[in-house]
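Residue-level structure breakdown
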Amino acid sequence: MRFQVHVKPKLQRVKMPILDSTFCKTTVLLACMLSAAGLLTSAPYNSCALPGSENATVEQKLVQLEREWASAMMKNEPAAIERIEADDYTYVMDSMHGEKSTDLADAKSGAYTGSAELTEMKARVYGDAAVITGKASLRDAKFKGQDISGDYLFTDTFVRRDGRWQVVASHSSRLKSM
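Note that this is a predicted model, so its numbers are computed, not measured.

Moving on, we get to the pattern of salt bridges. If you walk through the whole model with that rule in mind, you get seven salt bridges. Here arginine 83 makes a salt bridge to glutamate 68, at a shortest N to O gap of 3.4 Å. With arginine 83 in helix H3 (residues 78-84) and glutamate 68 in helix H2 (residues 52-74), the pair connects residues that are 15 residues apart, well separated along the chain. For lysine 144, the salt bridge identified is with aspartate 106, shortest N-O distance 3.5 Å. With lysine 144 in the loop between strand S4 (129-143) and strand S5 (146-147) and aspartate 106 in helix H4 (residues 100-109), this pair connects stretches of sequence that are 38 residues apart. Given the relative accessible area of 5%, aspartate 106 is considered buried. A single salt-bridge network, built from bridges that share partners, covers Glu82, Asp87 and Lys100.

This is how it looks when you write it as structure tokens:
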């Protein structure tokens, strides 16, 4: 009788990164973080902010404050500018930039003339910070004698400090005529 002996070859364990416990933990953690990020970015802007009606009230107050500020700038009212702009306020407008002290000096010298109409404003509140975007139409407007009339898009950032809202940063760009 003839016997055949079958020897099973010894299997070598191949280390695959997917089976490594550190790799698995990292992959699971990364997947959870990406899922959470996806949920946050797909949520409405104001979902992290204040409850519905309180948020709407704050947005309305900020839009009104934005209008007061535009009026104060065009009417050269340093007291209103002092109240609305934070001490660390900074701005960029086309090729100009400045800060609160610049605006106060301009207001005291009567640098602005004309009128500003703000439209298309949208306020978004994020706890103690807010962003307002909109369009400013300057009519018969001059800055230190130079015509600045035209339409501008703006983004202003407000922060609530000690219970009061102040603007901390502003950017505006003139719309070009087509």
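Once you've had a look at it, read on.
On to the nonpolar core. Taken as a class, soluble globular proteins show a tendency for nonpolar side chains to be buried jointly. Ranked by size, the top nonpolar core spans 35 residues in total, and within it Leu62, Tyr112, Ile132, Ile148, Phe158 and Trp165 carry the most contacts. Of all the secondary structure elements, the ones that give two or more residues to this core are H2, H3, strand S1 (85-93), H4, strand S3 (112-126), S4, strand S6 (150-161) and strand S7 (164-174). With near-sequence residues (within four places) excluded, leucine 62 lies in contact with Val125, Ala130, Ile132, Phe158 and Trp165.

In this section: the packing of aromatic side chains. For any pair of aromatic rings, the description consists of the separation of the ring centres together with the inter-plane angle of the planes. For the coordinates displayed, the defined rule picks out three aromatic pairs. For the pair tyrosine 112 and phenylalanine 143, a centre-to-centre distance of 4.9 Å together with 45 degrees between the ring planes defines the contact as tilted. Taken together, the residues span a long stretch of sequence, with tyrosine 112 in strand S3 and phenylalanine 143 in strand S4 at a distance of 31 residues. For the residue pair tyrosine 112 and phenylalanine 143, the accessibility class agrees, reading buried in each case. Through pairs of rings, three or more aromatic residues link up here, namely Trp69, Tyr89 and Tyr91.

Attention shifts here to the side chain of asparagine 76. Following the sequence through the fold, asparagine 76 ends up in the loop between H2 and H3. Residue asparagine 76 is classed as buried on the basis of its relative accessible area of 17%. A polar atom in the side chain of asparagine 76 sits 3.4 Å from the backbone nitrogen of alanine 111. A distance of 2.7 Å separates a polar atom in the side chain of asparagine 76 from the backbone oxygen of tyrosine 112. With residues near it in sequence (within four places) discarded, asparagine 76 still touches Asp106, Ala107, Gly110, Ala111 and Tyr112.

Basis of the calculations
- Residues numbered from 1 in each chain as written.
- Predicted model: local features only at pLDDT ≥ 70, side-chain atom pairs only at ≥ 80, totals over all residues.
- Heavy atoms only, no water.
- Salt bridge = Lys/Arg side-chain N within 4 Å of Asp/Glu carboxyl O.
- Helix = DSSP H or I, 4+ residues; strand = E, 2+ residues; numbered from the N terminus.
- Buried < 20%, exposed > 50% of the residue type's maximum accessible area, 1.4 Å probe, protein only.
- Core = buried A, V, L, I, M, F, W, Y, C linked by side-chain atoms within 4.5 Å.
- Contact = heavy atoms within 4.5 Å.
- Phe/Tyr/Trp six-rings, centres within 6.5 Å; stacked < 30°, edge-to-face > 60°.
- Polar contact = N/O pair within 3.5 Å; in protein donor to acceptor, adjacent residues only side chain to side chain.

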